[in-house]
Amino acid sequence: MSFLDRLFESGLLIDTGVDGLYGRSGQFEDVIAAFERLIDKIGGADGAEAIRFPPGMNRAYFEKSGYMKSFPQLAGTVHSFCGNDHDHMSLLQCMEEGKDWAKEQKATDIALTPAACYPLYPTVAKRGPISMEGGLFDLQSYCFRHEPSKDPARQQLFRMREYVCMGTEAHVTTFRQTWMDRGVDMMKSIGLDVEIDVANDPFFGRAGKLLANNQRDQNLKFELLIPVTSQANKTACMSFNYHQDAFGQKWGLSLKDGSVAHTACVGFGLERIALALFAQHGLDVAAWPEAVRKTLWG
Ligand code: ATP
Ligand code: ZN
Ligand code: MG
């Protein structure tokens, strides 16, 4: 039986009929909550500002972010019926006839959040220059990516916990290195095999190949890999991204001395980490190694 089927059978994940869209049991959520407390414990002393955005973002910001240039295949936008009585009649008729009723829907002001940090940059830019000590933010959001898959670790709506750092190049690259070290230690402390490797984002199309190669050559993205569904093809459970001053330029993020801010973000894939724990220690949490249970639940 596949890992996904075992997760369904155990009730940890609940089938909705759509690949990559799952309900989660109380037990599954309890593992995520415990892991987030571990994140709080490790990162808590850094004094990050906590902000929680909903899983949808301002479509104008989404457009400005350039997401459609790089990842049009993954994007999700929210559309709604905006018609009158007459339009409503045709809508119902269309549905009745089993035709494509959705094409009459109009784009709303909301796009689905593709990564937890996307709504942050314009928000911070509006506040004005960032202090020379830098800015540090703690985010968590459901994120949408249109990548339906039978791999339980590749979902369409999943949660990303992120720390985002804005400041000088030295500041944000040190931040990223600190979290790479912390990430490895954290995963070891819950009995997971980890490996860090250079990575690239899935930039779309032929032009995307160039962007991906460039990202790799410059070591802009690293991933923390853990075996989830396969020992050979490990799953990225965290990523460590250095954007140089690209977001600083795009959003007008500046430091008090007038220079453009550099940014970096570190993301935890919360469902993937929970799944890595279930894959490594079994589906019965009560039977997990005592040391792991102690680290997670005290
Ligand atoms: P992958 O290469 O596996 O597609 P990614 O490079 O797209 O991952 P990021 O954009 O860096 O991932 O997102 C940060 C973290 O969010 C990832 O390290 C991963 O743990 C998690 N994540 C990304 N995509 C998914 C998904 N489809 N389902 C579940 N978690 C995901
Ligand atoms: Zn990010
Ligand atoms: Mg991806």
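About the thresholds
- Residues numbered from 1 in each chain as written.
- Chains lettered and ligands numbered in written order.
- Predicted model: local features only at pLDDT ≥ 70, side-chain atom pairs only at ≥ 80, totals over all residues.
- Heavy atoms only, no water.
- Helix = DSSP H or I, 4+ residues; strand = E, 2+ residues; numbered from the N terminus.
- Rg over C-alpha atoms; globule rule 2.2 N^0.38 Å.
- Buried < 20%, exposed > 50% of the residue type's maximum accessible area, 1.4 Å probe, protein only.
- Areas by Shrake-Rupley, 256 points an atom, 1.4 Å probe, with all protein chains shown as cover.
- Lys, Arg positive; Asp, Glu negative; His and termini not counted.
- Charge placed at Lys NZ, Arg CZ, Asp CG, Glu CD.
- Pairing = 2+ DSSP bridges.
- Axes fitted to C-alpha atoms, helices over the stretch in contact; angles between N-to-C directions.
- Contact = heavy atoms within 4.5 Å.
- Core = buried A, V, L, I, M, F, W, Y, C linked by side-chain atoms within 4.5 Å.
- Phe/Tyr/Trp six-rings, centres within 6.5 Å; stacked < 30°, edge-to-face > 60°.

- An unreviewed UniProt entry annotates the chain as Seryl-tRNA synthetase of Peteryoungia aggregata LMG 23059.

## Some words on the overall build of the chain
- Scanning the chain from N- to C-terminus turns up 11 helices and 12 strands.
- By the compact-globule yardstick of 19 Å for 298 residues, the chain fits well, its C-alpha radius of gyration being 21 Å.
- In terms of overall dimensions, the chain has a C-alpha envelope of 60 × 55 × 35 Å along the principal axes.
- When the 298 residues of the chain are sorted by exposure, 45% land in the buried category.
- For the chain, the computed accessible surface area is about 14700 Å², with 52% contributed by carbon and sulfur atoms.
- A distance of 3 Å separates the average location of the 31 positive side-chain charges in the chain from that of its 37 negative side-chain charges.

## Some points on the sheet that holds strand β3 (residues 49-51)
- Strand order in the open sheet formed by 7 strands is β3-β7-β8-β12-β11-β10-β9, with mixed pairing between adjacent strands. A strand with exactly one partner marks an edge of an open sheet, and here the two such strands are β3 and β9 (195-198). Adjacent strand axes in the sheet meet at a mean angle of 20° when their direction is disregarded.
- One ladder, built from 10 bridges, connects strand β7 (residues 135-144) with strand β8 (residues 157-167); its direction is antiparallel. When the bridges of β8 are listed, G135 appears paired with M166.
- Against the sheet, helix α6 (residues 120-127) touches β3, β7, β8 and β12 (262-269), its axis set at about 35° to β8.

## Quick look at unusual backbone geometry
- Phi angles above zero are rare outside glycine, and N219 is one such case at about 55°.
- Examined against the element boundaries, N219 turns out to sit in the loop between α8 (205-217) and β10 (221-226).
- Residue class for N219 comes out partly exposed when judged on its relative accessible area of 37%.
- With a phi close to 50°, Q244 is a non-glycine residue in the positive phi region.
- The class of Q244 is partly exposed, set by a relative accessible area of 28%.

## Some thoughts on the nonpolar core
- If you look at the biggest cluster of nonpolar residues, it comprises 49 residues, and the most contacted ones within it are F35, M187, I190, F268, L277 and F278.
- A75, V124, M160 and F247 belong to the second-largest nonpolar core, a separate cluster that totals 31 residues.

## Some words on the packing of aromatic side chains
- In total, this model carries 14 aromatic pairs according to the counting rule given.
- Centroid distance Y163 to W179: 4.9 Å. Interplanar angle 15°. Geometry classified as stacked. Taken together, the positions of Y163 in strand β8 and W179 in helix α7 (residues 169-189) put the pair 16 residues apart, joining distant regions of the chain. Here the two residues Y163 and W179 agree in accessibility, since each one is buried.
- Here the aromatic rings of W179 and F268 are separated by 5.8 Å at their centres, their planes lie at 90°, and the arrangement is edge-to-face. Of the two residues, W179 is situated in helix α7 and F268 in strand β12; the sequence distance between them amounts to 89 residues.
- Residue classification places W179 among the buried residues on the basis of a relative accessible area of 1%.
- Linked through ring pairs, F62, Y67, F71, Y118, Y121, F203 and F247 together constitute an aromatic cluster.

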